[in-house]
Amino acid sequence: MTSRLPDAVAAFAQRGPGWDTWVRRLPRLVDDVLGEWRLRPDGAPRSGSTALVLPVTTDDGESAVLKLVGPGWEEEHEPLALQHWGGRGTVQLLRADPRRRLLLLERLHDLDLRDQWDLEACEVVAGLYGRLHRSAPPQLRPLSGAVARWSDRLAALPRDAPLPRRLVEQAVALGRGFATDPATDGVMVHSDLHYENVLAAEREPWLAIDPKPLSGDPHYEPAPMLWNRVEELDAAPGGVRDALRRRFHTLVDVAGLDEQRARDWVVVRMLHNALWELEDHPPGGATTPDRAWLTTCVTVAKAVQD
Ligand SMILES: Nc1ncnc2c1ncn2[C@@H]1O[C@H](COP(=O)(O)OP(=O)(O)O)[C@@H](O)[C@H]1O
Ligand SMILES: [Mg+2]
């Protein structure tokens, strides 16, 4: 890669050995694939939380982006899911090399849902759920297995973990209920659908990008719309709790979800987020958990239920 990696992508190396190796090999990989796929770079690189995204022009003069995905497990089935959706409600997949974690995608606009009013964004996203929630292809990981494992790990947290014990116990019980409920699997869910992962487009006003697909339950979907952009709710009328409840009810009403089931999944997902933060920063380690993030997890889990 002739130009430097964006600082944000270079910093992924600090996440551990797997990421460090990926970052070190990335400039060479970019050069290789640009040559093999006959792509010309034409714009500044982008990135999110897992990938380097390069605007490119194809051999036929088509505007596209080359997405180079890091070594996390959640993105493994992104090309498969995009292929199944076939551009209906999502970005179109033009070409993929799953082994090297490369995707060539239709280029969308440089505008996401962060600039929209949050409830308007919730309406857009809830409108996408109905289009994305189709029968899951058999290769996708079942949500029930994942929720069973995460619930066991949550149950094993020490009693003095910095989380309200009542919420931990509630999330373990709900999670174990979902783990044995047949309705937890079977529907292809995006699982990371939030403001930054919906881009404006030419073919349709808004399209989803960046799925972390699972064979799951549509009610799993709303939580990321609550925990993202939470910092701007401090000034909202009625405070953070009421503002989160307005988002939640907009998502549930527009998508026609069962309110109680959606609420239970929000509680479970927020406590799993908190669990991962605590596991990533164990007591006595070099780093400490992000207290503000733990507080957000608890605030969102409480807001939807009290
Ligand atoms: N198809 C696309 N067209 C234009 N920009 C894109 C496209 N896909 C991704 N991007 C840009 O790259 C960023 C990161 O891509 P994303 O797929 O969300 O990966 P990450 O897992 O890193 O969040 C997006 O937030 C967006 O700015
Ligand atoms: Mg993203």
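Refer to the structure presented above.
Description of the structure in this document. (Residues numbered from 1 in each chain as written. Chains lettered and ligands numbered in written order. Predicted model: local features only at pLDDT ≥ 70, side-chain atom pairs only at ≥ 80, totals over all residues. Heavy atoms only, no water.)

Moving on: the coordination of the magnesium ion (ligand 2). In the first shell of the magnesium ion (ligand 2), the protein supplies Asn 197 (OD1) and Asp 210 (OD), at 2.2 Å from the metal. Linking Asn 197 in the loop between β7 (187-189) and β8 (198-200) with Asp 210 in the loop between β9 (206-208) and β10 (214-216), this pair joins segments that are 13 residues apart in sequence. Given a relative accessible area of 6%, Asn 197 falls into the buried group. By relative accessible area, Asp 210 is classed as buried at 12%. (Donors = N, O, S within 2.8 Å, 3.2 Å for Na, K, Ca; no water. Helix = DSSP H or I, 4+ residues; strand = E, 2+ residues; numbered from the N terminus. Buried < 20%, exposed > 50% of the residue type's maximum accessible area, 1.4 Å probe, protein only.)

In the neighbourhood of ligand 1, 18 residues make up the surrounding shell, with Thr 50, Lys 67, Glu 106, Leu 108 and Asp 210 lying closest. The separation between an oxygen atom of ligand 1 and a polar side-chain atom of Thr 50 is 2.5 Å. Interatomic distance of 3.1 Å between a side-chain N/O atom of Asn 197 and an oxygen atom of ligand 1. Here ligand 1 loses 94% of its free accessible area of 540 Å² to cover by the protein chains. Among the secondary structure elements, those contributing two or more residues to the shell around ligand 1 are β2 (46-47), β3 (51-57) and β4 (63-69). A per-class count over the shell around ligand 1 returns 7 nonpolar, 5 polar and 6 charged. (Near = heavy atom within 4 Å. Polar contact = N/O pair within 3.5 Å; in protein donor to acceptor, adjacent residues only side chain to side chain. Areas by Shrake-Rupley, 256 points an atom, 1.4 Å probe, with all protein chains shown as cover. Nonpolar A, V, L, I, M, F, W, Y, C, P; charged D, E, K, R; others polar.)

Although it is not a glycine, Ser 191 adopts a positive phi angle of roughly 75°. Locating Ser 191 in the fold gives a position in the loop between β7 and β8. Positive phi outside glycine occurs at Asp 210, with the angle close to 60°.

Take the packing of helix α8 (residues 239-255) against helix α10 (residues 291-303) next. Between α8 and α10, whose axes approach to 9 Å, the crossing angle comes to 60°. Taken together, the axis directions place α8 and α10 in an arrangement best described as oblique. The interaxial crossing formed by α8 with α10 has right-handed handedness. Residue-level contacts link Val 240, Arg 241, Leu 244 and Arg 245 of α8 to Thr 299, Val 300 and Ala 303 of α10. Tallied by class, residues from the contact of α8 with α10 come to 4 nonpolar, 1 polar and 2 charged. (Axes fitted to C-alpha atoms, helices over the stretch in contact; angles between N-to-C directions. Parallel < 35°, antiparallel > 145°, perpendicular 65-115°, else oblique. Left-handed = near helix turned anticlockwise from the far one by under 90°. Contact = heavy atoms within 4.5 Å.)

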